[in-house]
Amino acid sequence: MIIATTFNNGEVFQHFGHTEQFKLYHVTLGKITREEIVDTNGQGHGALAGFLTEHGVDVLICGGIGGGAQNALNSAGIKFFAGVHGDADKAVRDFLDGNLAYNPNEMCNHHHEHEGGDCGHGDCSKH
């Protein structure tokens with residue numbers, strides 16, 4: 001199994017669609033066997049689900065995530081846990097121990113400009 005976290009300076013990054021890095025955790029028999037940090041190379045929003053699929057990700061742990069991204073992850077068969085805050089390594093250990101604190105309803109909830117993206121609040125392109 002491969003678990004990914006949105007990643008920034010050791011923490012779970014809080015905006016899925018703008019994450020520049022994921023930390024990937026390769027897990028065998030409930031133990032982390034390898035870790036790596038991968039750059040998204042500027043891909044955003046919907047393209048990130050494909051990026052994760054290309055890296056063989058089964059589970060995503062992230063902060064805020066919009067409805068469009070949630071749909072893309074569901075379509076890709078990637079299980080996700082949103083609304084996670086704090087240390088990325090701890091979040092993965094907590095997930096593996098069955099103790100991950102997450103909020104499945106945490107969505108992108110701030111105003112910013114996307115390039116044609118959908119953060120779950122209607123047309124987010126210009127507000």
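Before reading further, recall that the structure is shown in the block above.
Residues numbered from 1 in each chain as written. Predicted model: local features only at pLDDT ≥ 70, side-chain atom pairs only at ≥ 80, totals over all residues. Heavy atoms only, no water.

Chemist: Looking at this structure, how should I read the packing of aromatic side chains?
Modeler: Pairs of aromatic rings are described using the distance from one ring centre to the other and the angle between the two planes. Under the counting rule described, the total for this entry stands at 4 aromatic pairs. Between F22 and F51 the ring centres are 5.9 Å apart and the planes differ by 25°, which places this aromatic pair in the stacked class. One end of the pair, F22, is in strand β3 (residues 21-28); the other, F51, is in helix α1 (residues 46-54), with 29 residues separating them in the sequence. Among the residues examined, F22 registers a relative accessible area of 0% and is labelled buried. Taken together, the aromatic side chains of F16, F22 and F51 make up a single cluster linked through ring pairs. (Phe/Tyr/Trp six-rings, centres within 6.5 Å; stacked < 30°, edge-to-face > 60°. Helix = DSSP H or I, 4+ residues; strand = E, 2+ residues; numbered from the N terminus. Buried < 20%, exposed > 50% of the residue type's maximum accessible area, 1.4 Å probe, protein only.)

Chemist: Help me out: how do you make sense of the nonpolar core in this one?
Modeler: Soluble globular proteins tend to bury their nonpolar side chains together. F16, F22, L52, L60 and L73 are the most contacted members of the largest nonpolar core, which has 19 residues in total. Elements represented by at least two residues in this core include exactly β1 (2-8), β3, α1 and α2 (67-76). I61, F81, A91 and L100 belong to the second-largest nonpolar core, a separate cluster that totals 14 residues. (Core = buried A, V, L, I, M, F, W, Y, C linked by side-chain atoms within 4.5 Å.)

Chemist: Sorry if this is basic, but what is going on with the pattern of salt bridges here?
Modeler: Side chains that carry opposite charge are capable of pairing whenever their charged atoms lie near each other. In this structure the tally under the stated criterion is 4 salt bridges. A salt bridge links K23 to E35; its shortest N-O distance comes to 3.0 Å. Residue K23 is found in strand β3, and its partner E35 is found in strand β4 (residues 31-39); the two are separated by 12 residues along the sequence. For K23, a relative accessible area of 8% corresponds to the buried category. For E35, a relative accessible area of 41% puts it in the partly exposed group. For E36, the salt bridge identified is with R34, shortest N-O distance 3.0 Å. By relative accessible area, which is 47% here, R34 ends up partly exposed. (Salt bridge = Lys/Arg side-chain N within 4 Å of Asp/Glu carboxyl O.)

Chemist: Before we go on, may I ask you to explain helix α3 (residues 88-97) in this structure?
Modeler: An α-helical turn contains 3.6 residues, so any two residues separated by three or four positions project in the same direction. Those residues of α3 not exposed but buried are A88, A91, V92, D94 and F95. The buried residues of α3 all sit within an arc of 160° when viewed along its axis, so they share a single face. Contact partners of the buried residues in α3: β1, β2 (11-12), β3, β4, β5 (59-61) and β6 (79-81). The backbone nitrogen of D89 lies 3.1 Å from a side-chain oxygen of the residue at the head of α3, namely D87. In the stretch just after α3, G98 is the one whose phi turns positive, near 80°. (Arc of directions from axis to C-beta. Contact = heavy atoms within 4.5 Å. Polar contact = N/O pair within 3.5 Å; in protein donor to acceptor, adjacent residues only side chain to side chain.)

Chemist: Please explain the pairing of β1 as it appears in this structure.
Modeler: Both faces of the sheet carry side chains from a regular strand, because those side chains alternate between them. Burial within β1 is extensive, with 6 of its 7 residues counted as buried. Where β1 meets β3, 5 bridges bridge the pair, whose relative direction is antiparallel. Bridge pairing links I3 to Y25 in β3. In the sheet, β1 pairs with β5 via 3 bridges, with the strands oriented parallel. Its bridge partner being in β5, A4 is matched across the sheet by L60. Pairing of β1 with β2 involves 2 bridges; the strand directions are antiparallel. Residue F7 lies in a different strand from β2, and its bridge partner there is V12. (Pairing = 2+ DSSP bridges.)

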